[in-house]
Amino acid sequence: MMEIGLNHYLVLSTILFAIGLVGVMKRKNLLLLFFATEILLNSVNIAFAAISHYYGDLTGQMFAFFVIAIAASELAVGLGLLIVWFKRHGTIDLDTMTSMRG
Amino acid sequence: MFEAVAFYLFAFLTISMFFIVVTTSQALYALTALAAGMIFISAFFFILGADFLGAVQIIVYTGAVMALYAFGMMFFDTTREVKEKLGNKYIILGLTTFAAVLVVVIFSAPMVSSNITAFYPMVEGAGNTQEVGLVLFTKYLVPFEVAAVMLLVAMVAGIVLAGKKMDNSLTLMSEVEIDETNKKVLS
């Protein structure tokens, strides 16, 4: 209980990943869907950093660093696409994206 | 003792903040809770000795990602109530638990091996930032350059997507036209 080990961080990562996954499956608003995906990415980063610390290996921190870079670029492109969609349809609800038109 | 208290405190705070993010119907509450949660996640990085990652987490997420989200909220007028996907609760909870446990099993699978050696071990006496800089700019130089190009492409794509077919271009209009447009908009 008092000695924090690797298992504690992995359990925390599991709980946060579960919360983010519930958010992804629950939300219909695309902006809030992006919020939930950020939770998923950061929960995995905690696991990477914890394993890196307990094995004395810097590879985990490198992976977490690149995950943060990918999350930033995903957000930039995603918001750009959201703006284009909002201009055409006036809403960012998932229901308006269920059909594709050529 | 200090590490245990800090871990449980920040774990409780992080789980609470992210629970608010996925349950509230107010986008502003979700955004604020998400920003707070990112700060608490950087606390875990500092506890684990990943100082550079903690600083990057604060700068990138709270400084940049939250600013973009705030812009998105204002642009999309999400002060209205957001709709929820009211699917089957048990399917959602079951799939969520299964996926989360699967992620932890994937992470924990190499730990049962007895031949684990560190690719890039931490060096005694050197600080975390020095170690990160050394490995990042020697062993991970190519992924670093690829990530830089990817961020540049994402930035250009975001600008082109958002800026294309703007309704009005203030730089191409004369002041008289700008005044007329303002009168039309305000009327």
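Our subject is the structure listed above.
Structural notes, computed from the coordinates. Every value quoted in this text rests on a predicted model; they were computed, and no experiment measured them.

### Let's talk about the interface of chain B and chain A
Facing the 82 residues of chain B at the interface are 71 residues of chain A. Approximately 7,200 Å² of surface area, both sides summed, lies buried where chain B meets chain A, with 77% of it carried by carbon and sulfur atoms. Of all residues in chain B, Leu48(B), Tyr69(B) and Phe76(B) give up the largest surface area on contact with chain A, accounting jointly for 11% of the area buried on that side. On the surface where chain B and chain A come into contact, there are 0 salt bridges. Seen at the junction of chain B and chain A, the total is 11 residue pairs in polar contact (both at pLDDT 80 or more). Contributions of two or more residues to the side of chain B that touches chain A are made by helix H1 (2-23), helix H2 (27-47), helix H3 (51-76), helix H4 (89-108), helix H5 (128-136) and helix H6 (141-163) of chain B. By residue number, the principal contributor to the side of chain B that touches chain A is H3(B), which donates 14 residues.

### Section: the packing of aromatic side chains
By the definition in use, this model includes 12 aromatic pairs over all chains. Centroid distance Tyr9(A) to Phe7(B): 4.8 Å. Interplanar angle 75°. Geometry classified as edge-to-face. Of the two residues, Tyr9(A) sits in helix H1 (residues 6-26) while Phe7(B) sits in helix H1, which places them in two different chains. Here the aromatic rings of Phe66(A) and Tyr140(B) are separated by 6.2 Å at their centres, their planes lie at 40°, and the arrangement is tilted. With Phe66(A) in helix H3 (residues 59-89) and Tyr140(B) in the loop between H5 and H6, the pair connects residues from two separate chains. Accessibility expressed as a relative area gives 13% for Phe66(A), which makes it buried. For Tyr140(B), a relative accessible area of 13% corresponds to the buried category. The rings of Tyr9(A), Tyr54(A), Phe7(B), Tyr8(B) and Phe44(B) are connected pair by pair, giving a single aromatic cluster.

Basis of the calculations
- Residues numbered from 1 in each chain as written.
- Chains lettered and ligands numbered in written order.
- Predicted model: local features only at pLDDT ≥ 70, side-chain atom pairs only at ≥ 80, totals over all residues.
- Heavy atoms only, no water.
- Contact = heavy atoms within 4.5 Å.
- Buried area = accessible area lost by both parts, 1.4 Å probe.
- Salt bridge = Lys/Arg side-chain N within 4 Å of Asp/Glu carboxyl O.
- Polar contact = N/O pair within 3.5 Å; in protein donor to acceptor, adjacent residues only side chain to side chain.
- Helix = DSSP H or I, 4+ residues; strand = E, 2+ residues; numbered from the N terminus.
- Phe/Tyr/Trp six-rings, centres within 6.5 Å; stacked < 30°, edge-to-face > 60°.
- Buried < 20%, exposed > 50% of the residue type's maximum accessible area, 1.4 Å probe, protein only.

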